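# Architecture and fold: a report
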Amino acid sequence: MKKIKFAVAGLGRIGKIHLDNLLQMPHAEVVAVTDPIEASLQYARDQGVSLTVATYEELLALPEVDAVIICTPTDTHANYAELAAKAGKHIFCEKPLDLDLNRVMNVLQVVEATNVKLMLGFNRRFDQEFKKVKNVVKSGQIGEPHLVKITSRDPGAPPVSYIKQSGGLFLDMTIHDFDMARFIVEKEVEEVYAKGAVLIDDAIGKAGDIDTAIVTLTYTDGTMAVIDNSREAAYGYDQRVEVFGSKGMVQGNNNLHDTHKLHNKDGIHGALPLHFFLERYAQAYKTEIQDFVDALTSNENVPVDGEDGLQSLRIGLAAKKSLMENRPVKISEINSEVTI
Ligand SMILES: NC(=O)c1ccc[n+]([C@@H]2O[C@H](COP(=O)([O-])OP(=O)(O)OC[C@H]3O[C@@H](n4cnc5c(N)ncnc54)[C@H](O)[C@@H]3O)[C@@H](O)[C@H]2O)c1
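The structure presented is a predicted model; accordingly, all values stated were derived computationally and were not measured.

In terms of domain boundaries, the protein chain breaks down into domain 1 (4-116) and domain 2 (125-282 + 311-333). Taking only C-alpha atoms, the centre of domain 1 and the centre of domain 2 are 28 Å apart. Across the boundary between the two partners, domain 1 contributes 8 residues, which contact 8 residues of domain 2. Of all the secondary-structure elements, those providing two or more residues to the side of domain 1 that touches domain 2 are α1 (13-23) and α5 (101-112). Split into classes, the residues belonging to the side of domain 1 that touches domain 2 amount to 5 nonpolar, no polar and 3 charged.

What follows is the structure, given as structure tokens:
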């Protein structure tokens, strides 16, 4: 089978993961990378990538490149995805595509006018725990879903400099949970009601963001979901999903360092959850990129597409509006005229 030739843009935390995973895949070849930082390029050379270029435009100009992996900062994604589509390259783009609804819709139009595939990096869909929960729900074993509960708490807040350009908690962090809410029960969200507070670090509040949130979602058929977020959980990365239905309940739980249990006079003790996303979702990142490679080799649809990115952004913007206006917001209110 023909190998797909990839180029990777941006070799920071997530770019290095995707590069490493691609290099292990028999039907993928990484022909070039770009990053403004020399140490990042050296990392790629050390992994065996022979061509490192100074700019993204140079990557796109390489005729042998079939697909690009965009792992650069968020404010470059829309532009880079659009350029790739115009150059006829397939695209894997880290989330989010953009923080502006109009801009995302424009990019999707450009992509649609070409034959290229666009996949977005909602990695949690590829986590074994959550895939199992989804499959159990889909099989009907818990009957008709009534309630979805998603807990998503980070082990520590990012620097305030990151918070300022992140789009805020709902578009940076909860956007993964909004995608999970749609994915896990295959239903669309109709209404969002968000509450948020600054309970961890005043500097986050001064930067205009929140660090703790509860978001309730109502799906179009009346099913409800609740998401809780914190930027700082004392015991580590807390990632759990529960779906309650007419015939039962299914849970996806944290992945722990190990499964030992110590029983003594003080209680029953176990290991902490895996530290953060790079550890918890290591296998999910592999499966995600493997599925992208497979979609290209077999010319099938990608498992997470532009529409998924658009819908999760809509929910995120509705959550922001709900918090600002202290009221439930319908997704239908979030259209191209709305600026938040
Ligand atoms: N899906 C996930 O789990 C996940 C996790 C982390 C980050 N992300 C997303 O991935 C993106 C990158 O995040 P990160 O944490 O890896 O950031 P990072 O800061 O660690 O890495 C970004 C890299 O891009 C490079 N870069 C900057 N401008 C560039 C340009 N014009 N061309 C090429 N390279 C450029 C930087 O030098 C850096 O090496 C963000 O959009 C973020 O939202 C997704």
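On to the nonpolar core, then. Membership of the largest hydrophobic core comes to 92 residues, with the highest contact counts inside it found for A81, I91 and I184. For this core, the domains that each give at least three residues are domain 1 (4-116) and domain 2 (125-282 + 311-333). Those residues in contact with A81 that lie beyond four places of it in its chain are I70, I91, C93, L97, V107, V111 and L118.

Turning our attention to the sheet that holds strand β2 (residues 28-34). The strand order across the open sheet built from 6 strands is β3-β2-β1-β4-β5-β6, with neighbouring strands paired in parallel fashion. The sheet terminates laterally at β3 (52-53) and β6 (118-120), the two strands that pair on one side only. Judged from the 6 bridges that link them, strand β1 (residues 4-9) and β2 form a sheet pairing that is parallel. Across the sheet, residue I4 finds its bridge partner in β2, namely A28. Sheet strands in contact with helix α4 (residues 77-86) are β1, β4 (67-70), β5 (90-93) and β6, and its direction is about 165° off that of β5.

Moving on: helix α12 (residues 282-297). For an α-helix, 3.6 residues make a turn, and residues three or four places apart therefore share a direction. Over its 16 residues, α12 runs 23 Å from end to end, which matches the ideal 22 Å to within 8%, given 1.5 Å per residue. Where α12 is concerned, the buried positions are A284, Y285, E288, I289, F292, V293, A295 and L296. Residues of α12 that are buried sit in contact with β1, α1, β2, β4, β5 and β6. Backbone geometry just downstream of α12 places N299 in the positive-phi region, at approximately 55°.

Before going further, it helps to spend a moment on the packing of α1 against α12. Here α1 crosses α12 at 60°, and the two axes come no closer than 9 Å. For the pair α1 and α12, the crossing hand works out as right-handed. For the pair formed by α1 and α12, the contact residues are I17, H18, N21 and L22 on the first element and Y285, K286 and I289 on the second. Per-class residue counts for the contact of α1 with α12 are 4 nonpolar, 2 polar and 1 charged.

Burial analysis of β2 places 5 of its 7 residues in the buried class, the great majority of the element. As judged from the 2 bridges shared by β2 and β3, these two strands associate in the parallel manner. Paired with T34 across the bridge in β3 is V53. Each parallel crossover has a hand, and for β2 linked through helix α2 (residues 38-46) to β3 it is right-handed.

Attention now moves to the site of the ligand. With respect to spatial proximity, 23 residues lie near the ligand, and among them G10, G12, R13, I14 and E94 are the closest. Take the shell around the ligand: its biggest share by element is 3 residues, from α1. Of the residues belonging to the shell around the ligand, the class tally is 9 nonpolar, 10 polar and 4 charged.

Rules of the game
Residues numbered from 1 in each chain as written. Predicted model: local features only at pLDDT ≥ 70, side-chain atom pairs only at ≥ 80, totals over all residues. Domains from an automatic or database assignment. Contact = placed C-beta atoms within 7 Å. Helix = DSSP H or I, 4+ residues; strand = E, 2+ residues; numbered from the N terminus. Nonpolar A, V, L, I, M, F, W, Y, C, P; charged D, E, K, R; others polar. Core = buried A, V, L, I, M, F, W, Y, C linked by C-beta atoms within 7 Å. Buried ≥ 20, exposed ≤ 12 C-beta atoms within 10 Å, placed from the backbone. Pairing = 2+ DSSP bridges. Axes fitted to C-alpha atoms, helices over the stretch in contact; angles between N-to-C directions. Expected span 1.5 Å × (residues − 1). Left-handed = near helix turned anticlockwise from the far one by under 90°. Right-handed = clockwise from strand over helix to strand, strands pointing away. Near = placed C-beta within 6 Å.

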